[in-house]
Amino acid sequence: MGSGPNTALLSARAQLFSVLVTLCLSTMSRRQTPNEFLQQIIGRPVVVKLNSGVDYRGVLACLDGYMNIALEQSEEYLNGQLKNKYGDAFIRGNNVLYISTQKRRG
């Protein structure tokens, strides 16, 4: 196998898929596909971690099969510090490392 950007991207996507499957199986009472899990968290607060290390937090509005994500009430964090508030944001899927749910803001 070769190494390079394409191999790294495929590896990151495989890791994301593995994390999503593990999360689905460990948090749900019945087995779900990653797609079913992602559809279930639409409208809930999420953290989207990018390959660059930046986190976006907001309410998941929608996503597609390429992991393109639309967030509402979005905030950008770098090293745990709030950097910017955007309201609505669109994140291109090839930048996404993972998506996780977060507890609702008080």
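Residues numbered from 1 in each chain as written. Predicted model: local features only at pLDDT ≥ 70, side-chain atom pairs only at ≥ 80, totals over all residues. Heavy atoms only, no water.

Further remarks concern the sheet that holds strand 3 (residues 69-78). Strand order across the open sheet formed by five strands is 4-3-2-1-5, with antiparallel pairing between neighbours. Of all strands in the sheet, those with a lone pairing partner are strand 4 (81-91) and strand 5 (96-101), marking the two edges. The sheet shows a mean angle of 30 degrees between the axes of neighbouring strands, taken without regard to direction. Both strand 2 (residues 55-63) and strand 3 contribute to a ladder of seven bridges, which runs antiparallel. Pairing of arginine 57 across the sheet is with glutamate 75, part of strand 3. (Pairing = 2+ DSSP bridges. Helix = DSSP H or I, 4+ residues; strand = E, 2+ residues; numbered from the N terminus. Axes fitted to C-alpha atoms, helices over the stretch in contact; angles between N-to-C directions.)

Summarising the element assignment, leucine 50 is placed in strand 1 (residues 45-50). The spatial distance from the C-alpha of leucine 50 to the C-alpha of glycine 93 is 9.2 Å, given a sequence separation of 43 residues. Not counting residues within four places of it along the chain, the set of residues in contact with leucine 50 comprises Tyr56, Ile91, Asn95, Val96 and Leu97. (Contact = heavy atoms within 4.5 Å.)

Attention now goes to the pairing of strand 2. As paired strands, strand 1 and strand 2 are joined by five bridges and run antiparallel to one another. When the bridges of strand 2 are listed, valine 47 appears paired with arginine 57. Between strand 1 and strand 2, which follow one another and run antiparallel, lie four residues, and glycine 53 among them has a positive phi close to 100 degrees. Connecting strand 2 to the next strand, strand 3, in antiparallel fashion are five residues, including methionine 67 with a positive phi near 70 degrees.

With that out of the way, let us pick up the pattern of salt bridges. In total, this model carries two salt bridges according to the counting rule given. Across the pair aspartate 55 and lysine 49 runs a salt bridge whose closest N-O atoms are separated by 3.4 Å. Lysine 49 sits in the partly exposed class, given a relative accessible area of 21%. Measuring nitrogen to oxygen at the nearest pair gives 3.9 Å for the salt bridge that ties lysine 85 to glutamate 75. Linking lysine 85 in strand 4 with glutamate 75 in strand 3, this pair joins segments that are 10 residues apart in sequence. Judged by its relative accessible area of 57%, lysine 85 falls in the exposed class. Exposure remark for glutamate 75: the relative accessible area of 12% places this residue in the buried category. (Salt bridge = Lys/Arg side-chain N within 4 Å of Asp/Glu carboxyl O. Buried < 20%, exposed > 50% of the residue type's maximum accessible area, 1.4 Å probe, protein only.)

What follows concerns the environment of cysteine 62. Take cysteine 62: it is sitting in strand 2. Overall, the relative accessible area of 40% leaves cysteine 62 in the partly exposed class. Put simply, cysteine 62 and glycine 43 are 19 residues apart on the chain and 8.1 Å apart in space, counted from C-alpha to C-alpha. Ignoring sequence-local partners within four residues, the contact set of cysteine 62 consists of Asn68, Ile69 and Ala70.

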